[in-house]
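Now for the letters of each chain:
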Amino acid sequence: MATDIQEITEATHALDATAVLNLLPTRPRVLGLGEPTHGEDSLLDLRNDVFRQLVEQEGYRTIALESDCLRGLAVDAYVTSGTGTLDEVMAHGFSHGWGASAANRALVRWMRAYNVRADHDGRPASDRLRFAGFDGPLEITHAESPRQALLALHGHLAAHLPADLLPCTAQTLDDLLGTDDRWTEPAAMMDPERSVGQSPEARQLRLYADDLTALLEAQSPHLLATCTPDEQQRAHLHARTATGLLRYHHWMADTSPVRMSRLIGIRDHMMAGNLLALAERGTVLVHAQNSHLQREKSSMRMWDQPLVEWWSAGALVSARLGEEYAFLATALGTIRHQGVDTPPPDTLEGLLYALPEGHRTPDREDPLEHCLLDAARLATALGDQRPRPRVSPWFGYAPLDPAHLESIDGVVFVKDVPQR
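Not measured: the values here are computed from a predicted model.

*Asks:* It is not clear to me how the overall build of the protein should be interpreted in this structure. Could you clarify?
*Replies:* Looking only at helices and strands, the protein has 16 helices and 10 strands in total. For 420 residues, the compact-globule formula gives about 22 Å, and the C-alpha radius of gyration of the protein, at 22 Å, lands near that figure. Taken along the three principal axes of its C-alpha coordinates, the protein extends 75 × 55 × 35 Å. Expressed as a percentage of contacts within the protein between residues at least 6 apart in sequence, the contacts between residues at least 24 apart total 76%. On the protein, roughly 18,300 Å² of surface is accessible, and the fraction owed to carbon and sulfur atoms is 51%. When the 38 positive and 58 negative side-chain charges of the protein are each reduced to one mean point, those points stand 2 Å apart.

*Asks:* How do you make sense of the pattern of salt bridges when you look at a structure like this?
*Replies:* Taken as a whole and assessed by the stated rule, the structure comprises 19 salt bridges. Residue Asp-127 is joined to Arg-61 by a salt bridge in which the shortest nitrogen-to-oxygen separation is 3.1 Å. Placement of the pair is Asp-127 in the loop between helix 6 (102-121) and strand 4 (130-135) and Arg-61 in the loop between helix 3 (41-58) and strand 3 (62-68), with a sequence separation of 66 residues. Residue class for Arg-61 comes out buried when judged on its relative accessible area of 15%.

*Asks:* Would you mind going over helix 7 (residues 147-160) with me for this structure?
*Replies:* Helical geometry: 3.6 residues make up each α-helical turn, so side chains three or four residues apart lie on a common side. Helix length check: helix 7 (14 residues) gives 20 Å between terminal C-alpha atoms against 20 Å at 1.5 Å per residue, within 8%. Among the residues of helix 7, Arg-147, Ala-149, Leu-150, Leu-153, His-154, His-156 and Leu-157 are the ones counted as buried. In the core, the buried residues of helix 7 are packed alongside helix 8 (170-177), helix 9 (200-218), helix 10 (220-226) and helix 11 (229-252).

*Asks:* Mind showing me how you'd approach the packing of helix 7 against helix 11 here?
*Replies:* When two helices pack together, you describe them by how their axes are tilted relative to each other and by the distance separating the axes. One can describe the packing of helix 7 onto helix 11 by two numbers: an axis separation of 8 Å at closest approach and a directional angle of 140°. On the basis of their axis angle, the class for helix 7 and helix 11 is oblique. The interaxial crossing formed by helix 7 with helix 11 has left-handed handedness. Contacts between helix 7 and helix 11 pair Ala-149, Leu-150, Ala-152, Leu-153 and His-156 from the former with Glu-231, Gln-232, Ala-235, His-238, Ala-239, Thr-241 and Ala-242 from the latter. For the contact of helix 7 with helix 11, the residue count by class is 7 nonpolar, 4 polar and 1 charged.

*Asks:* Help me out: how do you make sense of the packing of aromatic side chains in this one?
*Replies:* Aromatic ring pairs are described here by two measures, namely the spacing of the ring centres and the angle between the planes. This model, assessed by the stated rule, comprises 3 aromatic pairs. Geometrically, the ring pair formed by Trp-394 and Phe-395 is edge-to-face, given 6.0 Å between the ring centres and 65° between the ring planes. When the ring centre of Tyr-60 is taken as reference, the NZ or CZ atom of Arg-27 above it lies at 4.9 Å. Positioned above the aromatic ring of Tyr-353 is the side chain of Lys-415, whose terminal nitrogen or guanidinium carbon lies 4.9 Å from the ring centre.

Cut-off values and rules
Residues numbered from 1 in each chain as written. Predicted model: local features only at pLDDT ≥ 70, side-chain atom pairs only at ≥ 80, totals over all residues. Heavy atoms only, no water. Helix = DSSP H or I, 4+ residues; strand = E, 2+ residues; numbered from the N terminus. Rg over C-alpha atoms; globule rule 2.2 N^0.38 Å. Contact = heavy atoms within 4.5 Å. Areas by Shrake-Rupley, 256 points an atom, 1.4 Å probe, with all protein chains shown as cover. Lys, Arg positive; Asp, Glu negative; His and termini not counted. Charge placed at Lys NZ, Arg CZ, Asp CG, Glu CD. Salt bridge = Lys/Arg side-chain N within 4 Å of Asp/Glu carboxyl O. Buried < 20%, exposed > 50% of the residue type's maximum accessible area, 1.4 Å probe, protein only. Expected span 1.5 Å × (residues − 1). Axes fitted to C-alpha atoms, helices over the stretch in contact; angles between N-to-C directions. Parallel < 35°, antiparallel > 145°, perpendicular 65-115°, else oblique. Left-handed = near helix turned anticlockwise from the far one by under 90°. Nonpolar A, V, L, I, M, F, W, Y, C, P; charged D, E, K, R; others polar. Phe/Tyr/Trp six-rings, centres within 6.5 Å; stacked < 30°, edge-to-face > 60°. Lys NZ or Arg CZ within 6 Å of the ring centre and 35° of its normal.

Listed below in structure tokens is the structure:
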């Protein structure tokens, strides 16, 4: 085991932008950094440090977080043009409660300051740093109404095309949608009969959403000539979101054994569509849970349901972009305030925890001991004698699967996560 530790040590590097890109065969268009747990600001501070370097030194121009793609438009407007206030966009521009995070607030503040400095330096608007949420308007307990996305898509087309080309009026859509609380019923997550997703109105809305999306694509030469690129990109975002939400609600009402796999798969399909659209605009840095970014098939158990499996957004994007997609997975030693103590020595995290020395971030009051490992060299060092998978005593933390090392570009290891 001593030899193994030495070989693993030789595969470690300080975590910085240069070391990250040195692991990769080419500069990726989409670079994902995963985390194995949510809600730890010290990990998000580390993310901010790495992303700042990749923006300033390597020219990445979009930062995408696992948050509502429609709410994220307000954050993007703030960081690019100063629309609204920081308090407003943190309160309303994030889903899942992420706006309360001090680290997310620091990231948004820095992005705005970066663009203000860019204005001063004469950088063109096309080179500004952009923000995006790439998740759908989905929560664990419910999915949002498709109203916002569907009416925005219809409004965009109605403003630029003759009325007789549109399959319906906005009033028709509004009548079919009904009240939003019909769609956001929390009980529908556990009881499909409480969902309106397979009602006659929902079925008709899916047809209209499909027709409106097809019209957006069929009229693209005219629309590209009469709209700004941002307006057209936003219309496509609304089209993806409307069709995705209606598909999600349809499967909310399903009673088959594959219901949960379908729902989670649809969510990641929506994520992938948003990431691929962002990649068409330029280079993208992505942060989300490891399971949303990994190339291997993801799986989890929910409540008393059978094992749920799905292809993640990262797997879907990787299948499209090849080497232009890269993924760094984060692994942790301890989260003692959540009951996650020193990892067993025969696990991957236990081997990494035994490394003789980590690397610290010098400009923080509470520096994390962390390092970056070449996943390919780590896999070679371990050979066929892979450590056993770690089992977490806390549901909110998912250990790294040693069997996935060959499909990961790098491993960010954080030894101890402090309580903040």
